[in-house]
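# Observations on the three-dimensional arrangement
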Amino acid sequence: MRKIKLLAAFFLSAVMILVSGADSIRADTFFSQLFRGASKSSDLVVVLDAGHGGSDSGAVGNRLMEKILTLKIAQYCKAELEQYNGVKVYMTRKNDTFVGLDQRISIASGVKADVFVSLHINSAVSSSATGAEVFYPNSNYRPALSVQGKRLASAIQKNLTSLGLRNRGLKTANSMIGSSYPDGSLADYYAVIRGAKKAGFPGIIVEHAFISNASDAKTFLNTNSQLKKLGVADAKGIAACYGLKKTQEDSGVLKKTSLTKAVGSSSTSVTLQWKKVSGAGGYEIFRSSSKNGEYRQIATVKKSSSVTYKDKSVKGGKTYYYKVRPYRVVSGVKETADLSVAQSVKTLKKPVVQVKKKSSTRANVSWKEVKGAVKYEVYRSTAKNGKYKKIASVQELTSYRDMNRKAGRAYFYKVRAVSNGLKGSTVSSYSSAK
């Protein structure tokens, strides 16, 4: 298979000598078709190179560090690419470790790479520099790899600029000290592009945005969701360049959920339930004391099959607002969906009860009004710590006359307040037994 690809590259090199201008574009298209045709019986091997790592932090700016950002982008890119048929994806580093430039090319050669994509974040002395740019191999020595690299660079750059990044264009960079390729031609400046070309596959460098620019950092580099967009854009560019098709039509975006139940289950607890989201690995629970206030994460449900949560850190008589957010971990990186619409729950205070005996067979049970209650439930038992049975449901009143007593027995009463919740009733804790 490798021989077939090399023959294709040789053939295109000959074609490029004879054509120029628009004809070069047709030669480029021909090569892409020939390359993919030769690869039908085997997967395209893509090596993603997360720039820097370990002791090499890369560029630093706006409280961000390049080595961390490039690893996350690479992980998101890998996760997206693996949704396509006919591709194998490798990474030169999977964690925060130092990998030398030559070693990166050796790793790619070891897995028989078809293409090498090095992911970086740009930086400049001037904080006004913005945008994305992609470097591809020069046309010296194995010019077919330059053509292929330019096509890939163009596909990725198109996706990045569609996110709103300023288009800084496609670029080549030649050696500044006169280094040459085996045929004597001027070599590429960047070591990984130069090394990839010598190894026989195209290498490109993607500079996603400027870490030194406050606007770029805030808009494109500051959150996992922003970094995911960059990684997905890279992956889609690779897929478009090599004609990859997804295994199934799936946007890959984790959908948000909605609360289906929100009730007070006691004066000091709230029970929540939400819709299960396909692909979610778990759910994050957020709470606020006002609808448009700051929502603070109070819990994480780590089972994808669990869609309920009981908040036991509330107080009776207060209103709380809840939101839920699905999440999943892809290639070691946590990604989240949007927060659900807020749902309020008003907890009820525990009633304060009094019992006045009217006779051996009658007693008057009364309680103080509980704000927010729409009714009250009265429970009775013949033992203080025994089993209580509901004997009445009272609306609009704060008392109940029990006339179904037997002489010579002791009776104990409890009352709880009830109001309406989402898909269920909100109830207070039971009053103390009287």
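In this report, the structure presented in the accompanying data block is examined. Each chain carries its own residue numbering, running from 1 in the direction its sequence is written. Selection of residues for local features in this predicted model requires a pLDDT of at least 70, selection of side-chain atom pairs for listing and counting requires 80 or more, and totals for whole chains, interfaces and linings are taken over all residues. In computing side-chain values, all of the structure's heavy atoms are included and hydrogens and water are not.

In a beta sheet, neighbouring strands are held together by backbone hydrogen bonds and run either parallel or antiparallel to one another. For two strands to count as paired, DSSP must find a minimum of two bridges between them. Each helix corresponds to a stretch of at least 4 residues labelled H or I by DSSP, and each strand to a stretch of at least 2 residues labelled E; elements are numbered beginning at the N terminus. Strand order in this open sheet of four strands is 20-19-22-23, and the pairing throughout is antiparallel. Each edge of the sheet is formed by a strand with only one pairing partner; in this case those strands are strand 20 (389-394) and strand 23 (424-427). Taking the axes of each pair of neighbouring strands and ignoring which way they run, one obtains an average angle of 35 degrees across the sheet. For strand 22 (residues 412-421) and strand 23, the ladder comprises four bridges, and the chain directions are antiparallel. Think of each axis as a best-fit line through the C-alpha atoms, taken over the contacting stretch in the case of a helix, with angles from 0 to 180 degrees between the N-to-C directions.

By nonpolar core is meant a set of buried Ala, Val, Leu, Ile, Met, Phe, Trp, Tyr and Cys residues that side-chain atoms within 4.5 Å join together. Remark: exposure states derive from per-residue accessible area (1.4 Å probe, protein chains only) relative to the maximum for the residue type, with buried under 20%, exposed over 50%, and partly exposed in between. Core analysis: the biggest nonpolar cluster contains 47 residues, and Val117, Leu152, Leu221 and Ile238 have the highest contact counts within it. Of all the elements, helix 8 (residues 224-242) adds the most residues to this core, at eight residues. With near-sequence residues (within four places) excluded, Val117 lies in contact with Val47, Leu48, Asp49, Leu152, Ile156, Ile204, Val206 and Ile238. Leu272, Ala280, Val307 and Val314 belong to the second-largest nonpolar core, a separate cluster that totals 19 residues. In what follows, residue pairs with any heavy atoms lying within 4.5 Å of each other are defined as contacts.

Turning our attention to the packing of aromatic side chains. Ring geometry is summarised as follows: Phe, Tyr and Trp rings, the Trp one being its six-membered ring, pair when their centres sit within 6.5 Å, and such pairs are stacked at plane angles under 30 degrees, edge-to-face over 60 and tilted between the two. Applying the stated criterion across every chain yields a total of six aromatic pairs. Taking the centre distance of 5.1 Å and the plane angle of 65 degrees together, the rings of Phe135 and Tyr190 count as edge-to-face. Here Phe135 is found in strand 6 (residues 132-135), whereas its partner Tyr190 is found in the loop between strand 7 (167-171) and helix 6 (191-199), with 55 residues between them in sequence. When its relative accessible area of 8% is taken as the criterion, Phe135 is described as buried. What makes Tyr190 partly exposed here is its relative accessible area of 26%. Centre to centre, the rings of Tyr141 and Tyr181 are 5.1 Å apart; their planes meet at 25 degrees, and the pair counts as stacked. Highlighted residues: Tyr141 in the loop between strand 6 and helix 5 (143-162) and Tyr181 in the loop between strand 7 and helix 6, separated in sequence by 40 residues. Among the residues examined, Tyr141 registers a relative accessible area of 17% and is labelled buried. Every member of this aromatic cluster is reached through a ring pair, and the members are Phe135, Tyr189 and Tyr190. The positively charged end of Lys334 is found above the aromatic ring belonging to Tyr327, 4.5 Å away from the centroid. A cation over a ring is seen here: Lys414 above Tyr388, with NZ or CZ 4.5 Å from the ring centre. Charges are assigned to positions over rings by a cutoff of 6 Å between ring centre and Lys NZ or Arg CZ, combined with an angular limit of 35 degrees from the ring normal.

Take Ser212: it is sitting in the loop between strand 8 (203-210) and helix 7 (214-221). For the purposes of these results, a polar contact is taken to be a pair of N or O atoms within 3.5 Å, where, inside protein, one atom must be able to donate a hydrogen and its partner to accept one; residues adjacent in sequence count only when each atom of the pair is a side-chain atom. A distance of 3.0 Å separates the side chain of Ser212 from the backbone nitrogen of Ala124, its partner in a polar contact. Those residues in contact with Ser212 that lie beyond four places of it in its chain are Asn62, Asn122, Ser123, Ala124, Ser126 and Ser127.

What follows deals with the sheet that holds strand 6. As summarised here, the arrangement of the six strands in space is 4-1-5-8-6-7, forming an open sheet in which the pairing is mixed. A single partner strand is all that each edge strand has here, and the edge strands are strand 4 (87-91) and strand 7. Going across the sheet, the axis of each strand differs from the next one's by a mean of 15 degrees, ignoring polarity. One ladder, built from five bridges, connects strand 1 (residues 44-50) with strand 4; its direction is parallel. Opposite Leu48, over in strand 4, you have Met91 as the bridge partner. Helix 3 (residues 66-81) rests against strand 1, strand 4, strand 5 (115-122) and strand 8 of the sheet, and its axis sits at about 140 degrees to strand 5. Along the sheet face, helix 7 touches strand 5 and strand 8 and points at about 105 degrees away from the line of strand 8.

Let us now look at the layout of surface pockets. Site definitions follow a grid-based scheme: protein atoms alone, a 1 Å grid, a 1.4 Å probe that fits but cannot get out for cavities, and for pockets an open set with protein on both sides within 12 Å along at least five of seven lines, plus lining residues having an atom within 4 Å of a point. Grid points are joined across faces, edges and corners, and a volume is the space filled by probe spheres set on the points. Estimated volume of the largest pocket: approximately 440 Å³. Around the largest pocket sit 18 residues that line it, and Ser225, Lys228, Lys229, Val253 and Thr336 are the ones nearest its centre. Elements represented by at least two residues in the lining of the largest pocket include exactly helix 3, helix 8 and strand 15 (333-336).

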